[in-house]
Amino acid sequence: MGSLPFTVSDLQTSTNGARSSPTLLCTPLMGTTVDQMLIEMGKAKEIGADVVEIRLDCLRTFNPRQDLEILIKRSSLPTLVTYRPIWEGGQYEGDENKRQDALRLAMEMGANYIDVELEVAHDFNSSIDGKKPDNFKVIVSSHNFHNTPSAEAIGNLVARIQATGADIVKIATTALDITDCARIFQIMVHSQVPTIGIVMGERGLISRLLSPKFGGYLTYGALEAGAISAPGQPTAKDLLDLYNFRLIGPDTKVYGIIGKPVGHSKSPLLFNAAFKSVGLDAVYVHYLVDDVEKFFNTYSSIDWSGCSCTIPHKEAALKCMDEIDPIAKKIGAINNIVRRPDGKLIAFNTDYIGAISAIEDGLRGLNGTIPSAGSPLAGKLFVVLGAGGAGKSLAYGAAQKGARVVVANRTFERAKELADKVGGQAMTLAEVENFHPEEGMVLANTTSVGMKPKIDLTPISKEALKHYCVVFDAIYTPKDTRLLREARETGAVVVYGTEMLIRQGFEQYKNFTGLPAPEDLFRQLMEKHA
Ligand code: NAP
């Protein structure tokens with residue numbers, strides 16, 4: 001019982017050694033009238049769906065012969081007809097014979113598929129025995145709205161479904177944890193009959209996105225975000241445009257961002273566009289992870305090729321790694337994990353590389369700077385405001401480049417702890433106001449002071465800024481903070497938090513792929529989706 005790690009062979013082929021045909025994208029039609037459904041059909045075709053699911057139970061009034069004739073005959077896409085009863089999560093609560101009659105009628109009228117529930121499938125399939133038209137298939141489905149059973153229990157369920165004479169097996173379970181998807185992937189890979197495996201709910205998203213990797217027969221994509229037919233369903237448009245659904249196959253390497261929450265992350269947009277631009281067989285998904293250790297133990301084969309790591313897992317993920325970049329280890333936080341060809345996980349912190357390289361470029365851009373081979377930070381007095389996650393990255397990064405580091409923090413003890421670790425000096429935020437042992441210092445704000453919505457605040461007075469030649473602000477909402485505006489007015493070169501954000505992404509891409517990042521593409525997408 002429980003989640004089993006994949007082996008390489010699991011990921012690459014089905015049991016007969018051949019990849020099943022490409023996974024279909026099916027868009028459910030949820031209109032409450034026939035006319036609405038016809039409009040939805042047009043939209044589904046336009047978006048690029050392969051099949052439409054006509055959800056008869058959504059219709060407010062239904063005249064079987066007349067309505068099915070219109071819906072099936074007028075559809076320019078193959079049709080899957082479903083008439084889901086209330087006892088299986090649908091909306092139909094009428095007579096069971098009438099419901100099954102309508103499904104038989106749909107078959108006679110040329111529907112390509114009908115979906116019938118396991119509970120009634122045996123009798124239903126007997127009733128159409130010998131009458132099935134060519135190119136018509138029966139999907140026998142089972143829905144579990146509570147959890148995802150053990151691999152063994154799911155295997156037994158598949159056997160029961162197959163025994164009904166199903167052409168296609170459909171199993172939909174509910175994800176309590178992202179690792180539940182692994183058991184459904186396993187079933188899809190090993191099933192002898194075409195199988196639709198779906199794990200419902202936010203934590204089941206990858207079961208839908210990665211269906212083509214594991215040979216799923218079909219996956220569902222909603223017409224609009226608000227019109228889903230089951231929890232956790234992505235839109236067809238996101239499947240196609242955001243996650244490059246059509247490009248996913250058995251050998252596709254899977255990357256993603258682990259976090260909680262994670263749905264807001266724009267990283268999939270950047271990485272998937274980048275992979276596509278250079279023809280890499282890779283996809284980058286959102287991983288909503290509760291338990292990092294369980295996640296890495298479950299998705300442990302080499303096709304789970306790496307991930308970005310965000311709040312709250314940047315520290316907890318450390319203990320799951322086989323190797324940690326020395327500076328990331330000192331910082332005590334990682335945001336980039338790569339699986340090496342030998343299966344081992346190696347972790348980096350690209351936040352500090354992104355920020356430090358942006359500040360170095362800021363220093364190089366100063367008037368009268370003589371280009372040198374080493375870091376322009378070497379020997380500089382570098383004042384870090386803040387001693388949290390970003391503060392640590394900046395302090396360690398600057399120290400590594402040979403800067404003399406000062407850490408100033410509201411809570412002095414945290415400043416002291418960090419300053420001691422990087423061999424620097426500690427002070428309170430208030431003390432920074434009168435701190436100017438020399439001119440031309442570098443300032444890096446890593447406190448959240450000045451971040452949206454409190455954009456009128458700033459961590460240091462404009463007067464004190466005149467001793468700095470370069471001022472960096474880690475805050476990127478807004479891009480142009482009060483601190484940076486005032487620094488510009490005092491004549492300093494300013495470095496935006498958005499630069500740190502984008503450059504840490506370049507580093508992650510390099511670590512994932514071994515290739516240079518498509519920097520212009522990343523910048524364009526960031527600009528467009530800011
Ligand atoms: P964190 O670990 O929670 O640290 C927050 C820091 O801000 C602490 O030093 C804290 O001081 C200080 N602080 C908070 N409220 C303050 C106040 N009212 N007055 C003075 N100091 C205050 O957060 P983090 O992850 O380091 O993030 C900090 C900022 O950096 C955020 O704005 C975040 O968006 C940004 N960031 C940007 C990037 C990027 O790519 N550009 C990456 C990471 C973070 P105490 O120790 O006294 O509480």
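Because the structure is a prediction, the values reported are computed rather than measured.

**Considerations on the pairing of strand S9 (residues 253-259)**
On any regular strand, side chains alternate: one points to one face of the sheet, the next to the other face.
Right, on to step 1. The buried fraction of S9 amounts to six of the seven residues, a majority that puts the element mostly inside the structure.
Right, on to step 2. Where S9 and strand S10 (residues 282-288) come together, seven bridges link them in parallel fashion. Across the sheet, the residue bridging to Tyr255 is Tyr284, located in S10.
Right, on to step 3. For S9 and strand S11 (residues 304-309), the ladder comprises five bridges, and the chain directions are parallel. Pairing of Ile258 across the sheet is with Cys309, part of S11.

**Observations concerning the packing of helix H2 (residues 34-47) against helix H3 (residues 64-73)**
Right, on to step 1. It is at 10 Å that the axes of H2 and H3 come closest, and there the two elements cross at 10 degrees. Here H2 is positioned roughly parallel relative to H3, judged by the angle of their axes. Contacts from Val34, Met37, Leu38 and Met41 in H2 reach Asp67, Ile70 and Leu71 in H3.
Right, on to step 2. By residue class, the composition of the contact of H2 with H3 is six nonpolar, no polar and one charged.

**Here's the deal with the environment of Phe512**
Right, on to step 1. For Phe512, the position within the fold is in helix H19 (residues 497-513).
Right, on to step 2. Take Phe512: its relative accessible area is 7%, and that puts it in the buried class.
Right, on to step 3. Residues Phe512 and Ser305, 207 residues apart in the sequence, show an inter-C-alpha distance of 7.7 Å.
Right, on to step 4. Among all residues touching Phe512, those that are not within four sequence positions of it are Tyr255, Phe271, Tyr284, Gly306, Cys307, Ser308, Asn336, Ile337 and Val338.

Definitions and cut-offs
- Residues numbered from 1 in each chain as written.
- Predicted model: local features only at pLDDT ≥ 70, side-chain atom pairs only at ≥ 80, totals over all residues.
- Heavy atoms only, no water.
- Buried < 20%, exposed > 50% of the residue type's maximum accessible area, 1.4 Å probe, protein only.
- Helix = DSSP H or I, 4+ residues; strand = E, 2+ residues; numbered from the N terminus.
- Pairing = 2+ DSSP bridges.
- Axes fitted to C-alpha atoms, helices over the stretch in contact; angles between N-to-C directions.
- Parallel < 35°, antiparallel > 145°, perpendicular 65-115°, else oblique.
- Contact = heavy atoms within 4.5 Å.
- Nonpolar A, V, L, I, M, F, W, Y, C, P; charged D, E, K, R; others polar.

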